[in-house]
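# Breakdown of the fold
Listed here are the chains, written in short residue letters.
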Amino acid sequence: MGARFSDTAGGQTAVGGGRDHGHRSQEHANEATSEAHVAVEHFMRRRGFMGLCSQLELSLSASNLRDRDLLSKSDPMAVVYLKKQDGSLEELGRTEVILNSLDPVWITKPRITYYFEIVQRLLIRVYDVDTKFHSIPVQTLRLDEQQFLGEAECVLSEIVTKRDRILTRPLGRGTQHNKPGTWSQKFGNLTMYLEETIDSKKVIEMVVRCSDLENKDIFSKSDPFLKISRPLENGGFVPVCKTEVKRNNLSPVWKPITLSLQQTGSMDNPLMIECYDFNNSGNHDLMGKIQKSLSDLEKLYISQSGENFYMPASSSYHNNKILKSRLFVDKFLVSTRHSFLDYITSGYELNFMVAIDFTASNGNPRLPDSLHYLDPSGRHNAYQRAITSIGEVLEFYDTDKKFPAWGFGGRPIDGPVSHCFNLNGSATYAEVDGITGIMNAYASALRNVALAGPTLFGQVIRHAADIASLHADQRKYYVVLIITDGVITDLQETKDAIVKASDLPLSILIVGVGGADFKEMEILDADKGERLESSTGRVATRDIVQFVPLRNLPNGETVAQSLLAELPMQFLSYMKSRNIEP
């Protein structure tokens, strides 16, 4: 059965717009809409909804390379790799061969897909290509037949955070070529320069509608919504966008959809557009699908023609069933907008802050079953995993790497229970040096702070907001990570603090650790429903909270991937709300 809710609400949430909460006559419709939005969001997340990515081009040059040839200079070529967590290498591209040069400037620019939420480690190796291989395409060259000239490593974030996006590294022999007694001299330098492709900044706004949808409900008409997905290399598809749900409507016109090429990959990528009938159970009924690229959709708009949906064949021996229902594009507008990296390159920073739960429900830190137990083997507990996962991504975007670190719900030595105390034990300052400083302060606090309670967020959020407010005009955007093992007891006070902070350059990341029931915490995350409303009736100007229970992370997904994927969009939403340009 379809859900009951307003067909005008929810659409702007799907495309990042505002919502009017001033009309109390809409309360019941909004409540049903929120329930539908919750279910559709869950539907998207179960299918791996991904954040934004940017296509970058890597320009390479080298200087003072070693000369491995006897009668001429070396003929260098560079090979770019992505170094994975397990140490394995994925080749991203090769440059051309530059003849007879120890200071090559390569023209070929390997492409790299940049993901903000992942630490991407690059390895670049330089080879001298033997003359007998010069007529062979570089992609087919066997590297073990070429002379190794040196290698350099870096993290992609190190380059994108440079004002000029240029990074120079000395070339070294590398572990693969570390033979004793050889190569005592220097190997030269490698310079890397990144450019964001113009396609990464393109944004498409569309208005789509359907006609003659097949009714899936018995006692009412269907409640359709669209899900748009992009292809993966393995042949599957990953969702990138959804519309709002239209109640009781077989010819729906949805709110404008905004897609960037960062989401779709390119104008020519074949997108899967699926229409579903919303069901409260979460098992939404497929009403039809179409596979079209953005270029194809633009042609539909120009021709003002529709495309028929189809239902997939039940087996390979049958053809897809073409349906009477059709998709139309009533608006298709392409524009270019400033990207997240435009702001970072122009000098904007992300300043990291962390707050740790010291309530008694975590258990005695001296016992192995405690969430705060520090394993002598060095294995990280849940708090340490969250800190390192988020911190190792954000630290590249903070130049001084001095991070405020607080605890809450504990009783410092000779003091009352505090809901925002400095983790380093200082009475005057909260900053520590780097991720290592946070980890050391955390370990020290476990020895000097008695666990107590209750779990209150309000004071920590207000403290973080005060810092963000003081530096709102200094090209800084703040990110506070709150790690907790329990549901907060000051929910309304926390809502009030979040609503007030939504006007500031601040995002709040919350990680739930342990086995507590965190359902109430999801209220704070506007992805799960309507935007927060304060006790005075004020509505948050934008979504600034991301929440994830650690135990719910899919296999192989890190805390950073789950929490940070949407941070660039929150950053851009703040810049847009203040009309701030790079």
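Please refer to the structure placed before this passage.
Below, the structure is looked at part by part. For every chain, the first residue of the written sequence is number 1, and numbering continues from 1 onward in sequence order. Given that this is a predicted model, residues contribute local features only at a pLDDT of at least 70 and side-chain atom pairs are listed and counted only at 80 or more, while totals for whole chains, interfaces and linings are drawn from all residues. With hydrogens and water stripped out, all remaining heavy atoms of the structure feed into the side-chain values.

Attention now goes to the overall build of the protein chain. Each helix and strand counted, the protein chain has 12 helices and 25 strands in total. Residue contacts follow a heavy-atom distance rule, with two residues in contact if any of their heavy atoms lie within 4.5 Å. In the protein chain, of all internal contacts separated by at least 6 residues, the share reaching a separation of at least 24 is 73%. Values of accessible area rely on a 1.4 Å probe in the Shrake-Rupley scheme; residue burial ignores everything except the protein chains shown. Total accessible area computed for the protein chain in this model is approximately 26,400 Å², and 48% of it derives from carbon and sulfur atoms. Elements are defined by DSSP. Helices are runs of H or I of four residues or more, strands are runs of E of two residues or more, and each kind is numbered from the N terminus.

Time to look at the sheet that holds strand S2 (residues 76-83). Strand order across the open sheet formed by four strands is S3-S2-S5-S6, with antiparallel pairing between neighbours. Single-partner strands in this sheet number two, and they are strand S3 (89-94) and strand S6 (147-155). Here the average twist between neighbouring strands, direction ignored, is 25°. Here strand S5 (residues 121-128) runs beside S6; their pairing, made up of eight bridges, is antiparallel. Whether two strands pair depends on DSSP finding at least two bridges between them. What counts as an axis is a line fitted to C-alpha atoms, over the stretch in contact for a helix, and the angles between N-to-C directions run from 0 to 180 degrees.

The buried fraction of strand S24 (residues 506-512) amounts to seven of the seven residues, a majority that puts the element mostly inside the structure. On S24, burial covers both faces: Leu506, Ile508, Ile510 and Gly512 on one face and Ser507, Leu509 and Val511 on the other are all buried. Direction of pairing for strand S23 (residues 476-484) relative to S24: parallel, over a ladder of seven bridges. The residue of S24 that forms the bridge with isoleucine 482 is isoleucine 510. Considered for its hand, the β-α-β crossover made up of S23, helix H10 (residues 491-501) and S24 is right-handed. Bridge analysis of S24 against strand S25 (residues 545-549) gives five bridges, and the strand direction is parallel. Opposite leucine 509, over in S25, you have glutamine 546 as the bridge partner. When a residue's accessible area, from a 1.4 Å probe over protein chains only, is under 20% of the maximum for its type it is buried; when over 50% it is exposed; and in between it is partly exposed. Look down the strands so they point away from you; if going from the first strand over the helix to the second traces a clockwise path, that crossover is right-handed.

Contact geometry of helix H9 (residues 458-470) with H10 gives a least axis separation of 8 Å together with a crossing angle of 15°. As summarised for this structure, H9 and H10 are arranged roughly parallel, according to the angle between their axes. Helix-helix and strand crossings are classified by hand; for H9 and H10 the assignment is left-handed. On H10, the residues touching Gly458, Ile461, Arg462 and Ala465 of H9 are Glu493, Thr494, Ala497, Ile498 and Ala501. Across the contact of H9 with H10, the residue classes tally to five nonpolar, two polar and two charged. Working definition: roughly parallel below 35 degrees, roughly antiparallel above 145 degrees, roughly perpendicular at 65 to 115 degrees, and oblique for all remaining angles. Crossings are assigned a handedness: left-handed for a near helix turned anticlockwise from the far helix by less than a right angle, right-handed for a clockwise turn. Polarity classes work like this: nonpolar for Ala, Val, Leu, Ile, Met, Phe, Trp, Tyr, Cys and Pro, charged for Asp, Glu, Lys and Arg, and polar for all others, with Gly in that last group.

Moving on, we come to the pattern of salt bridges. By definition, a salt bridge exists where a carboxyl oxygen of Asp or Glu is found within 4 Å of a side-chain nitrogen of Lys or Arg. Summed over all chains, the structure comprises 22 salt bridges. Notably, a salt bridge pairs lysine 331 with glutamate 205, separated by 2.8 Å at the nearest N-O pair. In this pair, lysine 331 sits in strand S16 (residues 321-336) while glutamate 205 sits in strand S9 (residues 202-211), placing the two residues 126 residues apart along the sequence.

Our focus in this paragraph is the packing of aromatic side chains. Whether two aromatic rings pair depends on their centres lying within 6.5 Å, for rings of Phe, Tyr and Trp, where Trp uses its six-membered ring; planes under 30 degrees apart make the pair stacked, over 60 edge-to-face, and the rest tilted. Scanning the entire structure with this criterion turns up 17 aromatic pairs. In textbook terms, an aromatic cluster arises when at least three aromatic residues are bridged by ring pairs, as seen for Phe116, Phe340, Tyr343, Tyr348, Tyr397, Tyr477, Phe571 and Tyr574. Of note, arginine 125 hangs over the ring of tyrosine 81, and the distance from its end group to the ring centre comes to 5.6 Å. To sit over a ring, a charge needs its Lys NZ or Arg CZ within 6 Å of the ring centre and within 35 degrees of the ring normal. Taking the ring centre of phenylalanine 328 as reference, the NZ or CZ of arginine 209 above it sits at 4.2 Å.

Moving on: unusual backbone geometry. Cis geometry marks the peptide bond from glycine 453 to proline 454; its omega dihedral reads 0°. Secondary-structure assignment places proline 454 in the loop between strand S22 (449-451) and H9. Backbone geometry places asparagine 100, a non-glycine residue, at a positive phi of 55°. Position of asparagine 100 among the secondary structure elements: in the loop between S3 and strand S4 (111-114). You can call asparagine 100 partly exposed: its relative accessible area is 43%. Backbone geometry at lysine 401 places phi at a positive 55°, although glycine is not the residue there. Relative to the elements of secondary structure, lysine 401 occurs in the loop between helix H7 (382-394) and strand S18 (402-408). We classify lysine 401 as partly exposed; its relative accessible area is 30%.

Our focus in this paragraph is the packing of H7 against helix H8 (residues 434-448). Two elements in contact, H7 and H8, have axes whose closest approach is 10 Å; the angle formed by their N-to-C orientations is 165°. When the axes of H7 and H8 are compared, the pair comes out roughly antiparallel. Regarding H7 and H8, the two cross each other, and that crossing is right-handed. Contacts between H7 and H8 involve Tyr383, Gln384, Ile387, Thr388, Gly391 and Glu392 on the former and, on the latter, Ile435, Ile438, Met439 and Tyr442. Each residue belonging to the contact of H7 with H8 can be placed in one class, and the counts come to six nonpolar, three polar and one charged.

A separate point is the sheet that holds strand S1 (residues 54-63). The strand order across the open sheet built from four strands is S4-S1-S8-S7, with neighbouring strands paired in antiparallel fashion. Two strands close off the open sheet at either side, each with one partner strand: S4 and strand S7 (166-170). Along the sheet, successive strands turn relative to each other by an average axial angle of 30°, direction set aside.

Residue position: threonine 197 is located in the loop between strand S8 (189-196) and S9. With near-sequence residues (within four places) excluded, threonine 197 lies in contact with Gln55, Glu57 and Arg111.

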